[in-house]
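# Summary of the model geometry
Listed below are the residues making up each chain.
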Amino acid sequence: MQIIRTKANLIKTISTFSKSGKIIGFVPTMGALHDGHLSLIEIAKSKSDIVVVSIFVNPAQFAANEDFDKYPRNEQDDLVKLEASCVDVVYMPTINEIYANNSSTTISVGTIGKGLEGTFRPHFFDGVSLVVAKLFMQVAPDIAVFGAKDYQQLMVIKKLVKELDIPVEIIGAPICREADGLAMSSRNVYLSADKRIIAANIYKILLTVKEKLLSGKEVKTVLLSAKNELLAVGFEKVDYIELRDAETLMPLLALKSPARILVAARIGGVRLLDNLEV
Ligand code: AMP
């Protein structure tokens, strides 16, 4: 496994692989790796010859009041996991390597990045789009794998590559969950033991929403009662729980296929995201 920290070395290494006809698979991450990340790597391995994983906590996607400084960073643990997963290249650039001092170019993805996460994290998708576009230029992958855990992000990235003509195939990977249903996330370590137990209700409630919608109950009523259930079990705030068109992410007032329920709720100061196909 090669560990590369500079853009120049990365580009040199990748071009050697590409020249010998290897298919490059890419999994961008912010580290603090868990089985959800590793499942993306397995998908990348099954579809490519060389797997590149990046670890970069991207300052451009954090607002001033968010957890950039305390975001979990476990470089040594991550490298052990990546080695065990037979990853070929780990790219761990510094902030300066990604953003030059006088860098001023931005990317704005428009409507798909508004609403849902975009309402609560207004600069998030511009920050994500910028770093992902830059990483795509540097890694030049044939395929890249993103988790459906961050469903709006997956849709934003698909639109980004389509509209910027970036020649990479985006593959969406299913959500990996803990045994009690909680979607795996690097931020789950912030949860205290008692909040962690309550947190699992987010998936249980999503399943009941799906069941009720499929049985023909009114969307608005079902979503309102789910919000109240989340508050009743101990979530402090529900940022949103919505039914959206699974491709355009436009709001749905009545169930139609393909649809997705998306939720963000806060517990113990931790913001949890989840979603479910209906
Ligand atoms: P992050 O390190 O949180 O930026 O995530 C890196 C990638 O892993 C993104 O494509 C996420 O959607 C994906 N990911 C994170 N958690 C999960 C999960 N529980 N299941 C599947 N993919 C995930």
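Check the entry above for the structure.
Residues numbered from 1 in each chain as written. Predicted model: local features only at pLDDT ≥ 70, side-chain atom pairs only at ≥ 80, totals over all residues. Heavy atoms only, no water.

### Looking at the state of the cysteines
Our working definition: The disulfide criterion is simple: two cysteine sulfur atoms within 2.5 Å. Think of it in three bands: residues with accessible area under 20% of the maximum for their type are buried, residues over 50% are exposed, and the middle band is partly exposed, with areas taken using a 1.4 Å probe on protein chains only.
If you walk through the whole model with that rule in mind, you get zero disulfides. Of all cysteine sulfurs, the one in C176 lies closest to C86, which takes part in no disulfide; the gap is 18 Å. The exposed category is assigned to C86, whose relative accessible area is 51%.

### Remarks on the nonpolar core
For clarity, the threshold we go by: Here, the term nonpolar core denotes a set of buried Ala, Val, Leu, Ile, Met, Phe, Trp, Tyr and Cys residues that are joined through side-chain atoms within 4.5 Å. Starting at the N terminus, helices and strands are each numbered in turn, a helix being any DSSP run of H or I of at least four residues and a strand any DSSP run of E of at least two.
Within the largest apolar cluster, 48 residues are counted, with the highest numbers of intra-cluster contacts made by V52, V132, F136, F146, I157 and I170. Elements with a minimum of two residues in this core: α1 (7-19), β2 (24-29), β3 (50-55), β4 (89-91), α6 (124-139), β5 (143-147), α7 (151-163) and β8 (259-267). Considering each element in turn, this core owes the most residues, ten residues, to α6. Judged by nonpolar contacts, the second largest core, of 28 residues, contains V222, F235, L243 and A265.

### Points about the sheet that holds strand β6 (residues 169-173)
Quick note on the threshold: Strands pair, by our definition, only if DSSP identifies at least two bridges between them. Interaxial angle, 0 to 180 degrees, is taken between N-to-C directions of lines fitted to C-alpha atoms, where a helix line uses only the stretch in contact. In what follows, residue pairs with any heavy atoms lying within 4.5 Å of each other are defined as contacts.
Taken in spatial order, the six strands line up as β1-β4-β3-β2-β5-β6 in an open sheet, and their pairing is parallel. Pairing within the sheet leaves two strands with one partner each, and these edge strands are β1 (2-4) and β6. On average, adjacent strands in this sheet sit at an angle of 25° to one another, irrespective of strand direction. Here six bridges tie β2 to β3, and the two strands are oriented parallel to one another. Residue T29 lies in a different strand from β3, and its bridge partner there is I55. Contacting β2, β3, β5 and β6, helix α2 (residues 35-47) runs over the sheet at an angle of about 155° to β5.

### Overview of empty space enclosed by the protein
Just so we agree on the cut-off: The pocket and cavity definitions rest on a 1 Å grid over protein atoms only: a 1.4 Å probe that fits but cannot leave marks a cavity, an open set with protein on both sides within 12 Å along at least five of seven lines marks a pocket, and residues lining either have an atom within 4 Å of a point. Grid points are joined across faces, edges and corners, and a volume is the space filled by probe spheres set on the points. Charged means Asp, Glu, Lys or Arg here, nonpolar means Ala, Val, Leu, Ile, Met, Phe, Trp, Tyr, Cys or Pro, and polar covers whatever is left, Gly included.
Tallied over the entire structure, the rule returns two cavities of 30 Å³ or more. The space that makes up the largest cavity amounts to roughly 40 Å³. Taken together, Q61, F62, A63, E66, R121, P122, H123 and F124 form the lining of the largest cavity. Residues of the lining of the largest cavity, tallied by class, amount to four nonpolar, two polar and two charged. Of the pockets and cavities examined, the second largest cavity occupies roughly 30 Å³. Of all the elements, strand β9 (residues 270-277) adds the most residues to the lining of the second largest cavity, at three residues. A class-by-class count of the residues in the lining of the second largest cavity yields five nonpolar, two polar and two charged.

### Quick word on the site of the ligand
Threshold: Proximity is defined per residue: if any heavy atom of the residue lies within 4 Å of a molecule or strand, that residue is considered near it. Think of a polar contact as two N or O atoms within 3.5 Å of one another; within protein, one of them needs to be a possible hydrogen donor and the other a possible acceptor, and neighboring residues in sequence only count if both atoms come from side chains. Computed by Shrake-Rupley with a 1.4 Å probe, the accessible areas treat only the displayed protein chains as cover when residues are assessed.
The ligand sits among 17 residues. The nearest are H37, G147, D150, C176 and M184. A distance of 2.9 Å is found between an oxygen atom of the ligand and a backbone nitrogen or oxygen belonging to M30. Contact between the ligand and H37: an oxygen atom at 2.9 Å from a side-chain N or O atom of the residue. In isolation the ligand offers 480 Å² of accessible surface; the protein chains occlude 92% of this area. Among the elements that take part in the shell around the ligand, α2 stands out by supplying three residues, more than any other.

### Focus on the packing of helix α9 (residues 201-214) against helix α10 (residues 219-233)
Short version of the rule: Roughly parallel means an angle under 35 degrees; roughly antiparallel, over 145; roughly perpendicular, 65 to 115; everything else is oblique. Handedness of a crossing follows from how the near helix is turned relative to the far one, being left-handed for an anticlockwise turn of less than a right angle and right-handed for a clockwise one.
Where α9 contacts α10, the two axes come as close as 10 Å, and the packing angle between them is 160°. By the angle between their axes, α9 is roughly antiparallel relative to α10. Like other packed secondary-structure pairs, α9 and α10 cross with a definite hand, here right-handed. Residue-level contacts link N201, I202, I205, T208, V209, K212 and L213 of α9 to V219, V222, L223, S225, A226, E229, L230 and V233 of α10. Here the residues of the contact of α9 with α10 are counted per class, giving ten nonpolar, three polar and two charged.

### Comments concerning the environment of V53
You can see V53 is positioned in strand β3. Look at V53 and you get buried, because its relative accessible area is 0%. It is 9.7 Å that separates the C-alpha atoms of V53 and V139, two residues lying 86 residues apart in sequence. Every residue in contact with V53, bar those within four places of it in the chain, is listed here: F26, V27, T29, I41, L82, V87, V89, V90 and Y91.

### Observations regarding the packing of aromatic side chains
Quick reminder of the rule: Centre distance within 6.5 Å is the pairing criterion for rings of Phe, Tyr and Trp, where only the six-membered ring of Trp is used; planes under 30 degrees apart are then read as stacked, over 60 as edge-to-face, and the remainder as tilted. Whether a charge lies above a ring is judged from NZ of Lys or CZ of Arg, which has to be within 6 Å of the ring centre and within 35 degrees of the ring normal.
Per the counting criterion, the structure on display carries seven aromatic pairs. Where F26 meets F136, the ring centres are 6.2 Å apart and the plane angle is 70°; that geometry is what we call edge-to-face. In this pair, F26 sits in strand β2 while F136 sits in helix α6, placing the two residues 110 residues apart along the sequence. Aromatic side chains F56 and Y99 sit 6.3 Å apart centroid to centroid with 45° between the ring planes, which places their arrangement in the tilted category. Pair noted here: F56 is in the loop between β3 and α3 (75-84) and Y99 is in the loop between α4 (95-98) and α5 (117-120), with a separation of 43 residues, a long-range link. A relative accessible area of 13% means that Y99 is categorised as buried. Site record: aromatic cluster; members linked through ring pairs are F26, F136 and F146. One Lys or Arg, K70, reaches over the ring of Y190 and ends 4.2 Å from the middle of that ring.

Scope: geometric values only; no functional claims are made or implied.
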